[in-house]
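# Residue-level structure breakdown
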Amino acid sequence: MSLTHTLSRLALGVGLTLGSVGLVQAADDDVKIGFIVKKPEQAWFINEQDAATKLGEEEGFEVVRLAGEDGQQVLSAIDNLNSQGAQGFVICPPDVRLGPAIVNRAEQYGMKVVTVDDQFVGPDGKPMASVPHLGMSGYKIGRQVGNAIAEEMKARGWDPENVAALRITNYELPTAKERTDGATDALLESGFEKANIFDAPQQNTDTSSAFAAASPVFSKHGDFEHWVIYALNEESVLGGVRASEQYGLSPDQVIGVGINGSGAAFAEFSREKPTGFYGTVAVSSTMHGRQSAENLYEWITDGKKPPADTQTTGTLMTRDNWKQVREDLNL
Ligand code: FCA
């Protein structure tokens, strides 16, 4: 072997070694994940994205915050992430039935996907167990809502005969159905009149869609003296409460209990006078954001696939204890 040949092999060897060290470092430094949410303007999702971003800063990875308000926007968000070199993303999808399409696109790019809050549904109508998920234990939290309403009805001495329920529903979203089913079951067990429950199906999971769904229900059943209001989240319950006010009901005629414990509830509890929004079952969006991002990061860096389904719990938050609960849940 000639000297020059040997030297160039050596140089190549050194180059390769240095090159691979460089690569390893680059891989560590360059972890980038997306965090795509269906409602980027809602406090719950802002907090989740904030918490994930903060975790990334602490652990040295980058979080790209993106909106995915419909299927088209989600797919372009994934394309965008791929062109930025992201290795995966956390997503709360705008429609759970987009799951297979989202997984397909991610697989094309070799990206890892985990869901938060709303779990993908497969073509068979069942949850897509292959995609790691972290979300609320919907039925249990729903039961907490129903129990809180039942207790407050008792405290106010309401006669179930004169109490109607405005149940704002979203049956296309399984977690929403679990939550309102849980609340309904707990209410019925407490002695609520089944015939007094009226449905207001909402198109979406926000305040305006709930308001639109709720208004006609009040006009149609105006003969009830007292109302309770529940839904999949506090944004929707707030839509119902606003509709009750517009219809002319006073706060002492209404008990609305939501779910989330985000800025929407804090703003309501901070009003000088109580409204028909009595409380909300608070869940830590901070924990949802951090944990889902952490799970994905570990999957990318250590190859450790996150648990298939992690379910979180909630705490009742009212005007009386909201500041304390907020602190306890790190919100
Ligand atoms: C759904 C709801 C959100 C929040 C989340 C955990 O996505 O739309 O408001 O409750 O579940």
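Residues numbered from 1 in each chain as written. Predicted model: local features only at pLDDT ≥ 70, side-chain atom pairs only at ≥ 80, totals over all residues. Heavy atoms only, no water.

With that out of the way, let us pick up the nonpolar core. Val145, Ile149, Met153, Phe192, Val228 and Tyr230 are the most contacted members of the largest nonpolar core, which has 40 residues in total. Per element, the largest residue contribution to this core is 6 residues, and it comes from helix 5 (residues 138-155). Filtering out sequence-adjacent residues up to four positions away, phenylalanine 192 remains in contact with Met153, Val163, Ala164, Ala165, Leu187, Ile197 and Val228. Residues Ile168, Ala214, Val241 and Met317 belong to the second largest nonpolar core, which totals 29 residues. (Core = buried A, V, L, I, M, F, W, Y, C linked by side-chain atoms within 4.5 Å. Buried < 20%, exposed > 50% of the residue type's maximum accessible area, 1.4 Å probe, protein only. Helix = DSSP H or I, 4+ residues; strand = E, 2+ residues; numbered from the N terminus. Contact = heavy atoms within 4.5 Å.)

Moving on to the site of the ligand. The local shell around the ligand consists of Lys38, Trp44, Phe45, Cys92, Asp117, Asp118, Met136, Arg179, Thr205, Leu232, Asn233 and Asn260. Between an oxygen atom of the ligand and a side-chain N or O atom of arginine 179, the distance comes to 2.8 Å. With respect to the ligand, the side chain of asparagine 233 contributes an N or O atom lying 2.9 Å from an oxygen atom. For the ligand, the accessible surface in isolation is 290 Å², of which the surrounding protein chains cover 100%. Considering only residue class, the shell around the ligand consists of 5 nonpolar, 3 polar and 4 charged. (Near = heavy atom within 4 Å. Polar contact = N/O pair within 3.5 Å; in protein donor to acceptor, adjacent residues only side chain to side chain. Areas by Shrake-Rupley, 256 points an atom, 1.4 Å probe, with all protein chains shown as cover. Nonpolar A, V, L, I, M, F, W, Y, C, P; charged D, E, K, R; others polar.)

We now examine helix 3 (residues 71-83). Look at helix 3: 19 Å from first C-alpha to last across 13 residues, which is about the 18 Å you get at 1.5 Å a residue. Those residues of helix 3 not exposed but buried are Val74, Leu75, Ala77, Ile78 and Leu81. For helix 3, the arc enclosing every buried residue in end-on projection is 155 degrees, short of the 170-degree limit, so these residues lie on one face. Exposed side of helix 3, more than 90 degrees from the buried face: Gln72 and Ser83 are the residues found there. As for helix 3, its buried residues are in contact with strand 1 (32-37), strand 2 (62-67), strand 3 (88-92) and helix 4 (99-108). Residue aspartate 70 occupies the N-cap position of helix 3, its side-chain oxygen lying 3.2 Å from the main-chain nitrogen of glutamine 72. In the segment just after helix 3, glycine 85 is the residue with positive phi, at about 85 degrees. (Expected span 1.5 Å × (residues − 1). Arc of directions from axis to C-beta.)

Moving on, we come to the pairing of strand 2. As defined by bridge partners, strand 1 adjoins strand 2 across 6 bridges and the pair is classed as parallel. When the bridges of strand 2 are listed, isoleucine 36 appears paired with leucine 66. In this fold, strand 1 hands off to helix 2 (residues 43-59), which returns the chain to strand 2; that crossover is right-handed. (Pairing = 2+ DSSP bridges. Right-handed = clockwise from strand over helix to strand, strands pointing away.)

A few words now on the pairing of strand 10 (residues 277-282). Both faces of the sheet carry side chains from a regular strand, because those side chains alternate between them. Most of strand 10 sits inside the fold, with 5 of its 6 residues counted as buried. Sheet analysis places strand 9 (residues 254-260) next to strand 10, joined by 5 bridges and oriented parallel. Looking across to strand 10, one finds that glycine 256 is bridged to phenylalanine 277. Tracing the backbone out of strand 9, into helix 9 (residues 263-269) and back to the parallel element strand 10 gives a crossover that is right-handed. Relative to strand 12 (residues 315-318), strand 10 runs antiparallel, the two being bridged by 4 bridges. Within strand 12, the residue paired with glycine 279 across the bridge is threonine 318.

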